[in-house]
Amino acid sequence: YNTGGFSCYGYKHYEGSAPTDWTWEEIVGSKLNAGTMPQGNHTLRVSATAANGTNKFKDYPFTIDNTPAPTILGTENFPDNTIDIFGTVLFKENIAGYEGTLALYLAPDAQSPSFSLQGSKSYEGKTISWKYSDFTGSRLSRSTWGKREFLIKVVATAANGATATVISNGAFPDSTCP
């Protein structure tokens, strides 16, 4: 990480005079997990030292951007006067576990939104499809929400802490919202 200096993550002794291929995993003992590294610019410095003490290094800059991409695709109406909200989220890979967490919020008044958390789930996988009932165990009922317009907010958080938020409106069919 670019924190004002470099840290040594491992080294390996090679014999012979021919060029040597290497991998991070071979030297460090595990794969480099960009899924949990901090957002921003980083530099991998590779240093080679010959038997006579001559040293050369090369820097390889790279950028970590694990910002998730949540979407709210819409609602589906059911004959029992309920609706379900559905969407997707794209996460970057985290080879050590969950790629990220999705939190779903609703505000019953689109004019002066006050969101309440409906549920939160962690996901393993890069492309996730979600629906409201996955978080709550049931769909939204017209008897509870009436004919008013409501707001849906989704907050996606990647394994490294990067977040993205999307807000959309929803309403029951034949709503009398202004």
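Values in this document were obtained by computation on a predicted structure and should not be read as measured data. (Residues numbered from 1 in each chain as written. Predicted model: local features only at pLDDT ≥ 70, side-chain atom pairs only at ≥ 80, totals over all residues. Heavy atoms only, no water.)

Visitor: Could you clarify how one ought to interpret the overall build of the chain in this entry?
Guide: For the chain, the helix and strand inventory stands at 3 helices and 10 strands. Along the chain, from the amino end to the carboxyl end, the secondary structure elements read α-β-β-β-β-β-β-β-α-β-α-β-β. Whereas a compact globule of 178 residues would reach a radius of gyration of roughly 16 Å, the chain reaches 24 Å, over 25% beyond that. Each principal axis of the C-alpha distribution contributes one length, and for the chain these read about 80 × 30 × 20 Å. Taken across its 178 residues, the chain has 29% of its residues classed as buried. Partitioning the contacts of the chain with sequence separation of at least 6, the portion at a separation of at least 24 is 55%. (Helix = DSSP H or I, 4+ residues; strand = E, 2+ residues; numbered from the N terminus. Rg over C-alpha atoms; globule rule 2.2 N^0.38 Å. Buried < 20%, exposed > 50% of the residue type's maximum accessible area, 1.4 Å probe, protein only. Contact = heavy atoms within 4.5 Å.)

Visitor: What should I look at first to understand the sheet that holds strand β6 (residues 116-123) in this one?
Guide: One key point about sheets: their strands pair by backbone hydrogen bonds, in either a parallel or an antiparallel sense. Reading across from one edge, β6-β5-β9-β10 is the order of the 4 strands in this open sheet, with antiparallel pairing throughout. Both outer strands of the open sheet, β6 and β10 (163-170), are each paired with one neighbouring strand and no more. Taking each pair of neighbouring strands and ignoring which way they run, the sheet shows an average axis angle of 15°. Relative to strand β9 (residues 150-158), strand β5 (residues 100-107) runs antiparallel, the two being bridged by 8 bridges. Across the sheet, Leu102 pairs through a bridge with Ala156, a residue of β9. (Pairing = 2+ DSSP bridges. Axes fitted to C-alpha atoms, helices over the stretch in contact; angles between N-to-C directions.)

Visitor: Explain the packing of aromatic side chains here, please?
Guide: The way to describe two aromatic rings as a pair is by their centre distance and the angle between their planes. Inspection of every chain in the model, using the stated rule, returns 2 aromatic pairs. Seen in terms of ring centroids, Tyr9 and Trp24 are 5.5 Å apart; in terms of plane orientation they differ by 45°. Their pairing is tilted. Here Trp24 lies in helix α1 (residues 24-28) and Tyr9 lies in the segment before α1, a separation of 15 residues in the sequence. Classification of Tyr9 by relative accessible area gives partly exposed; the value is 43%. Note on Trp130 and Phe135: the rings are 6.2 Å apart at their centroids and 75° apart in plane angle, and the pair reads as edge-to-face. Here Trp130 falls in the buried class, since its relative accessible area comes to 2%. Positioned over the ring face of Phe78 is Arg139, at 3.8 Å from the centre of the ring. Directly above the ring of Phe115 sits Lys153, whose terminal nitrogen or CZ lies 4.7 Å from the centroid. (Phe/Tyr/Trp six-rings, centres within 6.5 Å; stacked < 30°, edge-to-face > 60°. Lys NZ or Arg CZ within 6 Å of the ring centre and 35° of its normal.)

Visitor: Would you mind going over the nonpolar core with me for this structure?
Guide: Proteins that are soluble and globular tend to have nonpolar side chains buried together. With 19 residues, the main nonpolar core has Ile85, Leu102, Leu106, Trp130, Leu140 and Phe150 as its most contacted residues. Among the secondary structure elements, those contributing two or more residues to this core are β4 (82-90), β5, β7 (127-131), α2 (132-136) and β9. In terms of residue count, β9 provides more of this core than any other element does, 4 residues in total. Contacts of Trp130, omitting those with residues within four sequence positions, involve Thr71, Ile72, Ile85, Phe86, Gly87, Thr88, Val89, Leu102, Leu104, Tyr123, Phe135 and Val154. (Core = buried A, V, L, I, M, F, W, Y, C linked by side-chain atoms within 4.5 Å.)

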